[in-house]
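# Commentary on secondary and tertiary structure
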Amino acid sequence: MKVYRTVAEFEVDRSKTLALVPTMGAFHEGHLTLMRTARKSADQVAVSLFVNPTQFRAGEDFEKYPRDEECDFELADSAGVDFMFAPSVGEMYGSTGTTVLVGEIGSRWEGAYRPGHFEGVATVVAKLFNIVRPDVALFGLKDYQQCRVIARMVADLNFALRLQFEPTVREPDGLAMSSRNRYLSDDERLRAPVLYATLCQLAGAIRESSSGQIIQMRLAASKMALATVGFAVDYLELVDGETLAPARDASETNRLIVAAKLGATRLIDNVGLAE
Ligand code: AMP
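Reference entry: report on the structure contained in this document. (Residues numbered from 1 in each chain as written. Predicted model: local features only at pLDDT ≥ 70, side-chain atom pairs only at ≥ 80, totals over all residues. Heavy atoms only, no water.)

### Digging into the site of the ligand
The local shell around the ligand holds 18 residues, among which Met24, His31, Asp143, Val169 and Met177 are the closest. Met24 places a polar main-chain atom, nitrogen or oxygen, 2.9 Å from an oxygen atom of the ligand. Contact between the ligand and Asp143: an oxygen atom at 2.6 Å from a side-chain N or O atom of the residue. Protein coverage of the free-state accessible area of the ligand, which is 480 Å², stands at 92%. Only β2 (18-23), α1 (29-41) and β5 (136-140) provide two or more residues apiece to the shell around the ligand. (Near = heavy atom within 4 Å. Polar contact = N/O pair within 3.5 Å; in protein donor to acceptor, adjacent residues only side chain to side chain. Areas by Shrake-Rupley, 256 points an atom, 1.4 Å probe, with all protein chains shown as cover. Helix = DSSP H or I, 4+ residues; strand = E, 2+ residues; numbered from the N terminus.)

### Notes on the packing of helix α5 (residues 117-132) against helix α6 (residues 144-156)
For the pair α5 and α6, interaxial distance at closest approach is 10 Å and the crossing angle is 55 degrees. Our classification of the angle between α5 and α6 gives oblique. Judged by the twist between their axes, the crossing of α5 over α6 is right-handed. Listed contacts from α6 to Phe118, Val121, Ala122, Val125, Ala126 and Phe129 of α5 are Gln145, Gln146, Val149, Ile150, Met153 and Val154. Of the residues in the contact of α5 with α6, the class split is 10 nonpolar, 2 polar and no charged. (Axes fitted to C-alpha atoms, helices over the stretch in contact; angles between N-to-C directions. Parallel < 35°, antiparallel > 145°, perpendicular 65-115°, else oblique. Left-handed = near helix turned anticlockwise from the far one by under 90°. Contact = heavy atoms within 4.5 Å. Nonpolar A, V, L, I, M, F, W, Y, C, P; charged D, E, K, R; others polar.)

### As for the nonpolar core
With 42 residues, the main nonpolar core has Phe10, Met92, Val125, Phe129 and Met153 as its most contacted residues. Listed by contribution, the elements that provide at least two residues to this core are β2, β4 (83-85), α5, β5, α6, β7 (231-240) and β8 (254-262). No other element matches α5, which puts 10 residues into this core. In this view, Met153 contacts Val100, Ala122, Val125, Ala126, Phe129, Asn158 and Phe159; residues no more than four positions away in its chain are not counted. (Core = buried A, V, L, I, M, F, W, Y, C linked by side-chain atoms within 4.5 Å. Buried < 20%, exposed > 50% of the residue type's maximum accessible area, 1.4 Å probe, protein only.)

What follows is the structure in structure tokens.
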């Protein structure tokens, strides 16, 4: 695996197809599955590893975000990655000023709780697309709103690449894998799977509900159930799977999205009603 630190040295064989998996490192099986899937989607696989400061707000975990480059490089290498792009903050943001505005889709949910987050994500992803110039870029559905924001940006700004969104990889007990799971205490880790279990149960109940009012009641009851287990729920919503606007019917394209804090750790997850 070749490691590149600067934009100038980034080089691949342009006669072959290229897949990109953008990441912030601290690899787990979710990241590695994306990398292995990328292998099947293109001749060459590039991974970017960049903890992007512009998508963190003041007071979030930018400084303490887990970093272990050496271990990540080994894992990526064994997952069959050809090129690792791991720039410094200075290399990526030597000159700043221009940013990508994502509009309404990025102002809801995560965007409301983390103002500026998706502008940071969209800007760095746009830069990575232009630096790496992949034929296909892979993202995890774990970060559902991020997938929709990037799909919008690619459509709106006419990026010439294909997007591939991959299912969430979970621990055996259902907890969505995340670099932030390591922040959980032993006791919190035991309770964390309740988040996904609640989503699954709620999705089942909504599939059987006919009225918007009943759906509303079920959402409220699930929020209370999560609070009982110790979650501080930021939002738990049924949304349109494309626009992320609130939805109140059981159509298969709708999705349940949740963000909740367990102690100091903020977890997000989602399930589709068709799942
Ligand atoms: P991150 O390093 O957290 O920015 O994640 C890099 C990519 O991996 C993003 O596209 C994430 O959506 C994806 N990802 C993170 N966790 C998972 C998971 N549990 N399953 C599938 N994809 C994931």
